[in-house]
Amino acid sequence: MQNEASVHLTIPPESTPDPKRFRDMIYLTQINQAMSIKTESEHYRRHQSSVLPDGRGLTMGALYWQLNDIWQAPTWASIDYSGRWKMLHYYAVRFFSPLIVSPYMDGSDVNVYVIMDQIPTVQVRDPDTQRLRFEPERKVKDGRHDDLGLLSKVEAAITGTVTVEVYSWGSFSPLRKWTNSYQLNTTAESVFRQNANSMMTEAGCTSSTECFIYTFLNNPADGVNNWIFLAEPKDSHLRKAHVTIVGVDQAQDSLREFNITLTTDAIAPFVWLEAGSVFGKFSDNGFIIITPTATVKFMASQDVDLNTMKQQLSVRSLVDIY
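Residues numbered from 1 in each chain as written. Predicted model: local features only at pLDDT ≥ 70, side-chain atom pairs only at ≥ 80, totals over all residues. Heavy atoms only, no water.

Visitor: Where do I start with the UniProt feature "domain: Beta-mannosidase Ig-fold" (unreviewed entry) in the chain in this structure?
Guide: Those places that UniProt annotates as "domain: Beta-mannosidase Ig-fold" (unreviewed entry) correspond, in this numbering, to residues 253-321. A distance of 38 Å separates the end C-alpha atoms of residues 253-321, which is 10% helix and 45% strand. (UniProt positions renumbered as here; feature names shortened; annotations may be inferred. Helix = DSSP H or I, 4+ residues; strand = E, 2+ residues; numbered from the N terminus.)

Visitor: How should I be thinking about the nonpolar core in this particular structure?
Guide: Nonpolar side chains tend to gather and get buried jointly when the protein is soluble and globular. Formed by 54 residues in total, the largest nonpolar core has its most connected members in Phe-212, Leu-262, Phe-282, Phe-298, Met-309 and Leu-318. Elements with a contribution of two residues or more to this core: α2 (18-46), α3 (87-95), β8 (211-217), β9 (225-229), β11 (257-263), β12 (268-274), β14 (287-289) and β15 (293-300). In this structure, Leu-262 is in contact with Val-243, Thr-244, Ile-245, Val-271, Leu-273, Phe-287, Ile-289, Pro-292, Thr-293, Ala-294 and Val-296, ignoring residues within four places of it in sequence. Listed in part, the 25 residues of the second largest apolar core include Val-110, Trp-178, Ala-196 and Cys-205. (Core = buried A, V, L, I, M, F, W, Y, C linked by side-chain atoms within 4.5 Å. Buried < 20%, exposed > 50% of the residue type's maximum accessible area, 1.4 Å probe, protein only. Contact = heavy atoms within 4.5 Å.)

Visitor: Looking at this model, I keep getting lost on the packing of aromatic side chains. Mind explaining?
Guide: For any two aromatic rings, the description comes down to two numbers: the centre-to-centre distance and the angle of the planes. If you walk through the whole model with that rule in mind, you get 16 aromatic pairs. Between Tyr-167 and Phe-212, the ring centres sit 5.4 Å apart and the planes meet at 10°, which makes this aromatic pair stacked. Highlighted residues: Tyr-167 in strand β5 (residues 159-168) and Phe-212 in strand β8, separated in sequence by 45 residues. There is no split in this pair, since Tyr-167 and Phe-212 are both buried. (Phe/Tyr/Trp six-rings, centres within 6.5 Å; stacked < 30°, edge-to-face > 60°.)

Right under this line is the structure:
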């Protein structure tokens, strides 16, 4: 696991004290695992409606190894032996979501796909190649009622806008952004493609190590977003972000739900929250913070008082291990 992680991430030196180095290595291997499975799964989903020239494609499903564990160890499971979610499991919620936006480096280009799996589809055969493809079912068939407003939901899903932004690691404001309207004709389509060097030049970004790509659909508050490095994390010029928990509030009439407010003085990748001895899950984890403040929910598995919750919470990001 260490050798795999070292391809992308800076490994703490051997001189690092053992307890800290052990914790740092668990954190880094979780990042490596989550990003590896995310990258592979999104690749499969992007090509669910197309066939590449070499015959690859039409990948209509994906499974990852493995879901849970029966012993205490830093393994490939996404849920540890006690039932806590590892970083991969939080990522799986996103990359297996019915609607995702998926940017990736396609040669020298930034290519952004929108994948929507809940669109009712029909098989359509190309009259020239005789290949089958899936297209959205746009009309209500005779005798079928649209009681749930299905067609309006379909139209809302297959049309929208994608925003692609270039950020510097040193600023909360994007250097440049592009917005495209799209209408899906298949369940997975490229909605934005542009040369990465041209984008960086337009944005005033001097090097791929200084910037990253962030993209979202429609309103950023909707939560359909994604991001990619333009260089390996270990080569990127990350700033020393100080991520702090500044507020923990108990939800009204609940002993199990808490709102956690975070602040940071710089963009922070792979922000990781832990709740110590309190079992439960966060609304998101392992994420990137691109704003000075962020809010996350925690849902405890048992009743817990506010003071205990505050004492058990901790947070770190990638730069904390260097």
